[in-house]
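Examination of the molecular architecture
One-letter residues, chain by chain:
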Amino acid sequence: YKLSSEQLSKQYHYDFGMRAVKSILVMAGQLKRGSPDEDEDMLLIRAMRDSNIPKFLRDDTVLFQALIKDLFPLVDIQDVPNEDLSVYIRRDMEAQGLQIVESFITKIVQVFDTMVVRHGMMTVGLTHTGKTTVLESLKRTLTIMHAEEYDGGDNALFNKVYTHWVNPKSITSEELYGEVNSVTREWTDGVLSYLAKTVAREGQDGNPDRNWLVFDGPVDAVWIENLNTVLDDNRMLCLVSGERIKVPRTVIFVFEVQDLAVASPATVSRCGMVYMEPFYLDGGWMPLAQSFSEALQKSGVYGARWMHTRLLDALRMLIPSTLNFLRKNCGEYIATIDAQLVLSLCKLVQAYVANWDEADDGDDVEAESEKQGGEKVDIGAKRPAQPPKVSIVDEAQLFDKYIIMSYIWSLGGNVADASRDKIDSYMQGLIGKTFPDAKWPANTSVFTVVVHKAGNTFVPWSYKVPSFRYNREKPYFEMLVQTPDTAILRQHCVYLLSVNKHVLINGVTGVGKSAAVNYVLSDVMDSENPAAAWQSCGMSFSAQTNSPALQEFIEANLTKKKNTLLGAAPGKRCIILIDDANMPEPETYGASPPLELLRQTLDRGMHPSGESAGGFFDRKKKDLYKDVRDVLCIACCGPPGGGKHEITPRLTTLFHCLVVPQLSTDSMQSIFQSILTGFLSVFEKEVRAQAGKLVTAVIEVFQRISTEMLPTPLKIHYTFNLRDLSKVVQGVLMLETKHMGTAEELCKVFCHETARVFHDRLINEEDRTWFRQTLGETVKKHIGVTVPEAWHSNMYGDWADQKDEAYKQISDIPKVVELLQDVQVDFGVQMAKEIDLVMFDDAIQHLTRLCRILRQPRGNALLVGVGGSGRHSLTELAAFISQQKCFQIAVSRGYDIPQFREDVKQLLLDAGCLNKPVVFLFSDTQIVREQFLEDINNILNIGDVPNLYAGEDYERIISATRERANTDNRRSIIRYYIQTVRDNLHVIFCVSPIGDQFRNRLRMFPSLVNCMTIDWYTKWPQQALKQVANRIFTKAEGGCKETVSENMEKLSDMCVVMHTMIHEDSERMWNTLKRRNYTTPTSYLALLASYLAMLDTTMSDTDEQLRRFQSGLDTLATTSAMVEKLKKEIQEMQPKLEKASREAEIQGKEIAKGKEEASKVMAVVEVEEAKCKVIMAEAEEIRSECQEGLDKAMPVFFQAQEALKTLEKKDVDQIKSFPKPPEAVEKTMNAVILLLGAAKQDWATAKSFMADTRFFKKLEEFDKDNIDPKIIKKLQVFIKDPGFTPDIIGGSSTACKSMCMWARAIDNYYWVTKDLGPKKAALAVAETKLNSAKSELAEKEAELAAANKKVQQLEADAQETIERKDNLEKEKGIAMAKLGRADQLL
């Protein structure tokens, strides 16, 4: 391995690491077990050879075998072929109609051997080298061997095989592996995770069938890294959800790739490799062609007309040398491979044979042209004469001619323009030698002749071109002047599509690829006719196109025949037109998902189950694969470069590639002279005679500017094509006969329209000067008119003269300026938006250009300029003048693709359904996402945005446009609607040329240049700068208005000079330091605004200073008067101050005397207060003792009182009702009435007391403090009675219980208060003495208060005097200070 890594070539799929060594050991072990007696050296050599040779290139294979021979010189290396497997492979290839090529069978066996030791393998190689065929053949072989119960021993590969095909780059990584919903956190399986789970379940159930997961697509270091754990020995697929799927041993992972240029070494080392190259197919193309031809011959579809042997003989003579010459000497825009060209040749021969009986020789093209109506235009070109017809056509000779035509338009049809002459001369010589009986016209280009069937001869392609008929009612964009190139494209597209062959049309931009294909689809194949056999739909790619968008488009335009089957309408076939097919931006590692999806859709070998059908997986249900049937594709693209990219050969091999060459000068002359001659046929003879000269002149201008004004990074938009030439002619077609009477007037218009297309996009004065010189020289050369300098500033329009709205010259500039001022006023009134523009010459020029663009159907503009140049305002004004609605999106927070598409949809509906011209004003500052430009690119290209409309929108469209479309066919109505949208919608895109985004966007979205008229807004001239300054200064307000008005001219000149100098210095800084400083109209307006603001501020400051100076003078005058007043006040203050000092001294003495007297009184008061406190303490002690006794008696009394309150009248009535009361009741009532003062205590007396209504009131209000001692003495009889207790009494009567409690409480209270009597007397004496002491104390305190009050009064008077004195001194000090400051001020 060390020698191999050093001496073999460096290939991305080579690996000589430890995993490769392990595979050798595994294979050697298997060989040893199979042949235990075999020499181990031989077994090791076989293992090394069988595990490595499959991946080597042919040259490396020879070198590797030599290395083995050198390392084992004594070992006789013997091959041990797998004869049984080879026999079955031959049987399968014969059954499939394939050629038996031994080297190819060896490759199939190598794939089998690789699968024995590796469960992950890759077939690597160019397309058409048999990668898919190897797998399919081996799959069928193993399945047949299993069905025939072949004994494979321990080899489990001999079982039924199922294949599951996936293109990993046609879907996203999330759709491949699965994803977690970011909102719901729900897991959704991807295509691979679903397949892995399915085959894992089958393997766990013990099913021995083999499952091959085939990844047919590019391998990069991103998506395949997630398979590394599966390709390891643990066979574990780890998903993002955390799920781990154990893949059984019945599963093999197969990768079918073109190369491994961007695969990681970790992936390469985990897989076995089988390299496929044309060598193993006997050179690569002959077995393919032979199998193709044999299949057609066996089918018998074309009978004897298909001459198999004749075709193969011709291929052997033509192909090898031509391919060798082609690869060495010729270039291609879209690269092809040898086998692709040969198969395209065979397919084209089939197409010619399939259309053998079609009457398309061109004999009746003039009659067909007359049916379309219009006026025949004669520009002097003569149609070739009709060849004589032969009575009996020699079919062999005609078949040879078909081979010749197929040879020319397969091997030569894709050659680039620069190599066309080389291949032409080579093919002429080889055709003459190979087909001497074909009667090839001598010295005739192979690209200019076609077979005339009826005459069995060759005629020029121009024989099939009808004369042009000019129809004034037909829109300009629907006019098609046919040329030999359109006839070539028409015939080959129709022929190839008839035999189900896709077509790829390539060539430089602007040669008419899309227009010619659309003509073929709509007019030749009549795809809009419901009764036709074809239907069509189209999509334009851009840099932002992705695979989901393409899939949505395909699904929207096909009919759902089954849940898993999409196709054309019943009885039809669908043609999908893909424009700018190589525009999608490739991913980091080079893959292009939309093109991979297109390949998967068109490739008949990519069905996941291995069936012969293309399609794609459902984006929502990943386990659902949708077949696509009855679909063909025509793709158009330009050469790679300038935003266009290489297309993978695995896609291009599905197509027949044809180059549309750049139009020759004669073809351009024929096309545009025919149109212009037809238009001018109603003008004066002098004018009509200029048609050919004008076309010759504009073609020369176009050719010179295309070759001399080449694009650079700063001039990225300097790309010119036939669309620009067509715009010039379209502009001339806006003229009317009444304003065009002389050749000179026509020449003026011609110069104006040429300048609008070419001059307006030039970015500097140097280029514009070159253009004006070139235009003048060309006009002088071909028309004979000298172009004066004034012609370059001519303006044409239909808006300056309200009485005559014809497209004519605008000459009265002052009147135009006045008109535009009125228009601005009207705009402000009607649109509720003020617009105030200075209409200098350049502004009027730009406005006129915009009005011209808005006047034309499909008129779109790319306005390139820096901020403040007036692009938006002029567009709004031009739309207002043209009476067209101007729409702009309102970008706000959250504004994204859904909101933008909703705005665009409404805009398109207004343009199409309402049939009203609409202006869509869009700016680069409004681009939230680049997808916005993707949609605008589609609108410019096809007038539609894929998948924009819902079902109800289509119903609205059909309802609104059915009558105008004059048809009931839905597709025709939709097509009419789209054409109406394209005619009515005017996209005005304002963009700044600053930065890389401008260049990148023009590169990524070519329609911004191809489908728009470019108007480059240059810096304002000095005249404009001065006019703008005058306008701004005129609007000055405030205090600066008068100053500005007086010096307006000088100020304006100064601002112009400043702005111009800064611009020049900025350019010098760029040239010196390569650092940019941009001076824009916005900065100029900011200069003017800043000046006015600074002037206003300065003048305000000056006024403020004047006010302050005047205020100072007034202050000085006031100060002088104040000084005199202060002096007088100081003199008056002096006596008052002296008097206050004397009064303060006297009052101080009085205060001292008063304080002395008060202190004496205070001493007496303190003595009396001490005495009073002693007496108060004695009284308080007695009171406490009395209160203590009362506190013991009172709770019982209060309890009795509360018990009495519970008694009610019914309780007394109950007691009264006793005729003979119980002893306890009677005893209680006798005690109660005794206390109430009854002289006799018996039941009758008690009842009389109870009869009193105030009985309870008396008990409650009983005077307990004045009870007669005699009554208390009598009461003791009851108190001492053991039965007179509340508990015993309560047993007889509840009411009596309460009254018993009351009587006992009264007795208790009496004895308590009786003991407290002496103490109460002593308390009374003490309180009397206390009151006397308090009275004396109060008198003394009054005396003290009086003395203190006197002292306080004296102190207050003294304080007042002192404050008055201080105030006088303070006032004097202030006055003196003021006097000092006044002296300083004065």
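Residues numbered from 1 in each chain as written. Predicted model: local features only at pLDDT ≥ 70, side-chain atom pairs only at ≥ 80, totals over all residues. Heavy atoms only, no water.

**Structural notes on the packing of aromatic side chains**
Within this structure, the stated rule accounts for 40 aromatic pairs. Look at phenylalanine 215 and phenylalanine 253: their rings are 6.3 Å apart centre to centre, the planes differ by 10 degrees, and that puts the pair in the stacked class. Placement of the pair is phenylalanine 215 in strand β5 (residues 210-216) and phenylalanine 253 in strand β8 (residues 251-257), with a sequence separation of 38 residues. Accessibility classification places phenylalanine 215 together with phenylalanine 253 in one group, the buried group. One aromatic cluster in this structure is built from Phe887, Tyr895, Phe900, Phe920, Phe922, Phe932 and Phe989. Sitting over the face of the ring of tyrosine 463, arginine 383 holds its NZ or CZ atom 4.2 Å from the ring centroid. Its guanidinium or amino end placed over the ring of phenylalanine 447, arginine 420 lies 4.0 Å from that ring's centre, counting from NZ or CZ. (Phe/Tyr/Trp six-rings, centres within 6.5 Å; stacked < 30°, edge-to-face > 60°. Helix = DSSP H or I, 4+ residues; strand = E, 2+ residues; numbered from the N terminus. Buried < 20%, exposed > 50% of the residue type's maximum accessible area, 1.4 Å probe, protein only. Lys NZ or Arg CZ within 6 Å of the ring centre and 35° of its normal.)

**Some words on the state of the cysteines**
Formally, a disulfide is one covalent bond, and it connects the sulfur atom of one cysteine to the sulfur atom of another. Applying the stated criterion to the full structure yields zero disulfides. Cysteine 636 provides the cysteine sulfur closest to cysteine 633, a residue in no disulfide bond, and the two sulfurs are 9.0 Å apart. (Disulfide = S-S within 2.5 Å.)

**Focus on the sheet that holds strand β9 (residues 272-275)**
Pairing within the open sheet is parallel, and its five strands lie in the order β2-β5-β8-β1-β9. In this open sheet, the two edge strands, each paired with only one partner strand, are β2 (161-166) and β9. Recorded for the sheet is a direction-independent mean angle of 20 degrees between the axes of neighbouring strands. Its contacts with the sheet place helix α6 (residues 102-117) against β1 (120-124), β5, β8 and β9, and it is angled at close to 175 degrees to β9. (Pairing = 2+ DSSP bridges. Axes fitted to C-alpha atoms, helices over the stretch in contact; angles between N-to-C directions. Contact = heavy atoms within 4.5 Å.)

**Re the confidence of the model for the protein chain**
Taken over all residues, the pLDDT of the protein chain has a mean of 84, while the share at 70 or more is 90%. Across residues 606-612, where pLDDT falls below 50, the model places 25 contacts with residues more than four positions away in sequence or in other chains. (pLDDT = per-residue confidence, 0-100.)

**Quick notes on unusual backbone geometry**
One non-glycine residue with positive phi stands out, namely arginine 235, at about 50 degrees. Within the element layout of this structure, arginine 235 appears in the loop between α10 (228-231) and β6 (236-238). Not every positive phi belongs to a glycine, and asparagine 966 is a case in point at roughly 60 degrees. Its location among the elements puts asparagine 966 in the loop between α34 (951-965) and α35 (970-984).

**Here we look at the packing of helix α23 (residues 665-680) against helix α26 (residues 722-732)**
It is the contact of α23 with α26, at a shortest axis distance of 10 Å, that shows an interaxial angle of 15 degrees. On the basis of the axis angle, α23 is roughly parallel to α26. As α23 runs across α26, the sense of the crossing is right-handed. Contacts between α23 and α26 pair Met668, Phe672, Ile675, Leu676 and Phe679 from the former with Leu722, Leu725, Ser726, Val729 and Val732 from the latter. For the contact of α23 with α26, the residue count by class is nine nonpolar, one polar and no charged. (Parallel < 35°, antiparallel > 145°, perpendicular 65-115°, else oblique. Left-handed = near helix turned anticlockwise from the far one by under 90°. Nonpolar A, V, L, I, M, F, W, Y, C, P; charged D, E, K, R; others polar.)

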